[in-house]
Structures are given as structure tokens and as C-alpha cells.
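The chain contents come next:
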Amino acid sequence: NEPNKPRFIQAMNLWQIRRRLTGAFSQSTFVPDDDLMNIFGGVLERANEEVQSWGGQMIFVYLPSHGRYATRSENRSVQMIHEETMSVVHQQELEVIDIDAEVFSKSPETLEFFPFGRMGHYSARGYEAVAQQLFLKADAVAEIRTGSR
């Protein structure tokens with residue numbers, strides 16, 4: 001089995017490198033700065049002006065990442081990103097659908113919204129929950145705009 005030992009060591013080294021790189025660029029280490037948030041606000045403002053120019057209403061949808069639920073301890077960086085994002089969105093006076101607050105955080109098993117509870121896209125259950133909330137909220141916004149209740 002000696003010939004297999006170097007491959008195993010190589011695999012372990014690659015795993016370690018990938019783990020470290022993933023951590024270096026993960027949401028848990030990201031801190032939004034004022035310049036970035038100002039750019040984000042400008043993009044939202046321009047997008048909202050465009051939508052209003054054809055009589056539409058822009059709705060901002062906050063889709064939380066796996067990192068928000070992955071650990072039992074509070075992740076201050078993830079909370080800060082959410083708070084900063086919502087602050088900029090509210091400054092633009094946009095309608096908001098916060099999937100974290102309105103759907104995921106209300107579930108006792110938030111990791112079920114991700115395939116096998118792992119990082120990545122949402123699971124079928126996650127997409128279904130998001131879609132249901134989008135339809136409910138969009139219908140409510142449409143009713144308010146048209147005055148039909």
C-alpha cells in the first residue's frame with residue numbers, strides 16, 4: 001500500500017487548501033464597507049427609476065445564504081451584511097420581501113431549505129417556500145396598488 005500513500009497525502013493537501021480558500025472568501029469574513037454600500041444604493045436607485053419609468057414597482061427580495069444557518073453560533077458578519085443591505089434598501093424606500101425573516105427563520109429546520117443541509121443552491125423545498133412567499137407578497141402589493149381587496 002505504500003504506492004497509495006502519496007496520493008492520499010496529495011488528496012489531503014488539496015482538501016486543506018480548498019477548505020482554507022473557501023474560508024478566506026466566505027461570507028463569514030466579508031465586511032461591507034461604505035464605498036460598496038454606496039455603489040449598491042446607486043444601483044438600486046437607478047433600477048428603481050427605470051422600473052418606475054414604465055409604471056412598475058420594484059420589490060427587493062433578500063435571499064439568505066446557507067452561511068446564515070450553518071452554525072449554531074451567531075455569525076456577526078452575516079448579520080452585518082443583512083443589516084447593511086436592508087438599511088440601503090430601506091433608504092431607497094423599496095418594498096421588501098425578506099425570505100429570511102418571512103420564511104426561513106420561522107422554520108425549526110432551516111437547513112432543510114438547502115440540499116442535504118449543505119452550502120449551495122436551495123433545495124426543492126427551499127425554492128417552493130421562496131416561490132410561495134413571492135406569490136403571496138406580490139399579490140398583496142398588487143392589491144394595495146390597484147385598491148382591490
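All of the points below concern the structure found in this document. (Residues numbered from 1 in each chain as written. Predicted model: local features only at pLDDT ≥ 70, side-chain atom pairs only at ≥ 80, totals over all residues. Heavy atoms only, no water.)

**Here we look at the overall build of the protein**
To keep things clear, this is the line we draw: Labels follow the DSSP assignment, with helices taken as runs of H or I lasting at least four residues and strands as runs of E lasting at least two, numbered in each case from the N terminus. The buried label goes to any residue with under 20% of its type's maximum accessible area, the exposed label to any with over 50%, and the partly exposed label to all in between, with areas taken from a 1.4 Å probe on protein chains only. By definition in these notes, contact holds between two residues if any of their heavy atoms fall within 4.5 Å. To be clear on the numbers: accessible area is Shrake-Rupley with a 1.4 Å probe, and residue cover counts the displayed protein chains and nothing else.
When you go through the protein residue by residue, the secondary structure sums to five helices and two strands. Counting over 149 residues, the protein shows a buried share of 30%. Here the analysis covers contacts within the protein between residues at least 6 apart in sequence; of these, 64% occur between residues at least 24 apart. In the form shown here, the protein has an accessible surface area of approximately 10700 Å², with 55% of it arising from carbon and sulfur atoms.

**Section: the environment of I99**
Take I99: it is sitting in helix α4 (residues 99–102). It is 6.7 Å that separates the C-alpha atoms of I99 and V130, two residues lying 31 residues apart in sequence.

**Here we look at the packing of aromatic side chains**
Formally: Stacked, tilted and edge-to-face are the three classes assigned to paired rings of Phe, Tyr and Trp, where Trp is represented by its six-membered ring and a pair needs centres within 6.5 Å; plane angles under 30 degrees give stacked, over 60 edge-to-face, the rest tilted.
Overall, the coordinates contain five aromatic pairs when judged by the stated rule. Seen in terms of ring centroids, F40 and F60 are 6.1 Å apart; in terms of plane orientation they differ by 70 degrees. Their pairing is edge-to-face. Linking F40 in helix α2 (residues 34–53) with F60 in strand β1 (residues 59–62), this pair joins segments that are 20 residues apart in sequence. Overall, F40 belongs to the partly exposed group, its relative accessible area being 24%. Clustering of aromatic rings is evident, with ring pairs tying together F104, F114, Y122 and Y127.

**Focus: the nonpolar core**
Nonpolar side chains tend to gather and get buried jointly when the protein is soluble and globular. In plain terms, the rule: Take the buried Ala, Val, Leu, Ile, Met, Phe, Trp, Tyr and Cys residues and link them wherever side-chain atoms come within 4.5 Å; each set so joined is a nonpolar core.
Counting residues in hydrophobic clusters, the biggest one holds eleven residues: M37, L44, V51, M58, F60, Y62, M86, V88, V89, L94 and V96. Looking at this core, the elements with two or more residues in it are α2, β1 and α3 (76–91). Beyond its immediate sequence surroundings of up to four residues, L44 is in contact with M58, F60, V88, V89, Q92 and L94. Y69, F113, F114 and V130 belong to the second largest nonpolar core, which has ten residues in total.

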